[in-house]
Amino acid sequence: IQMTQSPSSLSASVGDRVTITCRASQSVSTHLNWYQQKPGKAPKVLIHAASSLQSGVPSRFSGSGSGTDFTLTITSLQPEDFATYYCQQGYTTPGTFGQGTRLEIK
Amino acid sequence: EVQLVESGGGLVQPGGSLRLSCAASGFSFSTYWMSWVRQTPGKGLEWVANIKPDGSDKYYVDSMKGRFTISRDNAQNSLYLQMNSLRAEDTAVYYCATEAPIALLDHWGQGTLVTVSS
């Protein structure tokens, strides 16, 4: 299953609302996870099963979607949110990742 | 606290071999699926392989089948990745991770860098 994220990069300001899209080449039901990665660090889970917030993750992060189309929304961007975001499908093995969306400060 | 610490990375010539290790602590290692994931500048994150808690089932991404072998030692709380016939395109940071249902990789190590170059 191929995962395609858009946009590949995004510039935004602190306080903005941003949406990142992930599209699967075939249905993955709600078997979709979102990760955040900062430079030099391992990825960190934000959202699992399309819309469930991982424990400890701020509520400004939310996920939605099912089937082939998914979104990650961050409301009121904070300075620590500038990072790269990846989606990953868990419907089939291997659990393929999207190519990533780099969120930069405007 | 869950801790995963990878080791064994380094510089290796094309065609060479390397064995990565991942030392686990802070959780019941023998009850978790475990995975290896790699990250290259050009291809981003790529799932490599995973292994069932008791080691009886293993899955690999097609491009690594026959070259890479995942294994574990539950008595030592350790995960391994034996990599043979290494190619330049295997150059990456390799992470070990715990795997929950729907391939959720919920805890990651810090990664170990493998460089394949002559």
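Remember, it's a predicted structure, so these values are computed and weren't measured experimentally.

Analysis parameters
Residues numbered from 1 in each chain as written. Chains lettered and ligands numbered in written order. Predicted model: local features only at pLDDT ≥ 70, side-chain atom pairs only at ≥ 80, totals over all residues. Heavy atoms only, no water. Contact = heavy atoms within 4.5 Å. Buried area = accessible area lost by both parts, 1.4 Å probe. Salt bridge = Lys/Arg side-chain N within 4 Å of Asp/Glu carboxyl O. Polar contact = N/O pair within 3.5 Å; in protein donor to acceptor, adjacent residues only side chain to side chain. Helix = DSSP H or I, 4+ residues; strand = E, 2+ residues; numbered from the N terminus. Nonpolar A, V, L, I, M, F, W, Y, C, P; charged D, E, K, R; others polar. Buried < 20%, exposed > 50% of the residue type's maximum accessible area, 1.4 Å probe, protein only. Pairing = 2+ DSSP bridges. Phe/Tyr/Trp six-rings, centres within 6.5 Å; stacked < 30°, edge-to-face > 60°. Lys NZ or Arg CZ within 6 Å of the ring centre and 35° of its normal.

Novice: How should I be thinking about the interface of chain B and chain A in this particular structure?
Specialist: Interfaces are often sized by the amount of accessible area the parts lose when they come together. Of the residues lining the interface, 15 residues belong to chain B; the matching set on chain A comes to 21 residues. Broken down residue by residue, the surface that chain B buries against chain A is led by Leu 45, Ile 102 and Leu 104 of chain B, which jointly contribute 43%. Where chain B touches chain A, the interface holds 0 salt bridges. For the pair chain B and chain A, the interface holds 5 residue pairs in polar contact (both at pLDDT 80 or more). For the side of chain B that touches chain A, the secondary structure elements donating two or more residues are strand 4 (33-40), strand 5 (44-51) and strand 10 (104-108) of chain B. Here the side of chain B that touches chain A is built from residues that sort into 11 nonpolar, 2 polar and 2 charged.

Novice: Which parts of the structure should I look at to understand the pairing of strand 4 of chain B?
Specialist: Remember that side chains alternate between the two faces of the sheet whenever the strand is regular. Residue and element names in this part refer to chain B. Along strand 4, 7 of the 8 residues are buried, which leaves the element largely enclosed by surrounding structure. Of the pairings in the sheet, the one linking strand 4 to strand 9 (residues 92-100) comprises 7 bridges and is antiparallel in character. Across the sheet, residue Val 37 finds its bridge partner in strand 9, namely Tyr 95.

Novice: Which parts of the structure should I look at to understand the packing of aromatic side chains?
Specialist: For any two aromatic rings, the description comes down to two numbers: the centre-to-centre distance and the angle of the planes. Counted by the stated rule, this structure contains 7 aromatic pairs over all chains. With a centroid separation of 5.1 Å and 80° between ring planes, the pair formed by Phe 27 of chain B and Tyr 32 of chain B is classed as edge-to-face. Taking relative accessible area as the criterion, Tyr 32 of chain B reaches 29% and is therefore assigned partly exposed. With centroids separated by 6.2 Å and ring planes inclined at 25°, the aromatic side chains of Trp 33 of chain B and Tyr 59 of chain B adopt a geometry described as stacked. In this pair, Trp 33 of chain B is assigned in strand 4 and Tyr 59 of chain B in strand 6 (residues 58-60), connecting sequence segments 26 residues apart. Among the aromatic side chains, those forming a connected cluster through ring pairs are Tyr 35 and Phe 97 of chain A together with Tyr 95 and Trp 108 of chain B. A cation sits over an aromatic face here: Arg 19 of chain B above Tyr 80 of chain B, 3.9 Å from the ring centre. Lying across the ring of Phe 29 of chain B, Arg 72 of chain B places its NZ or CZ 4.4 Å from the centre.

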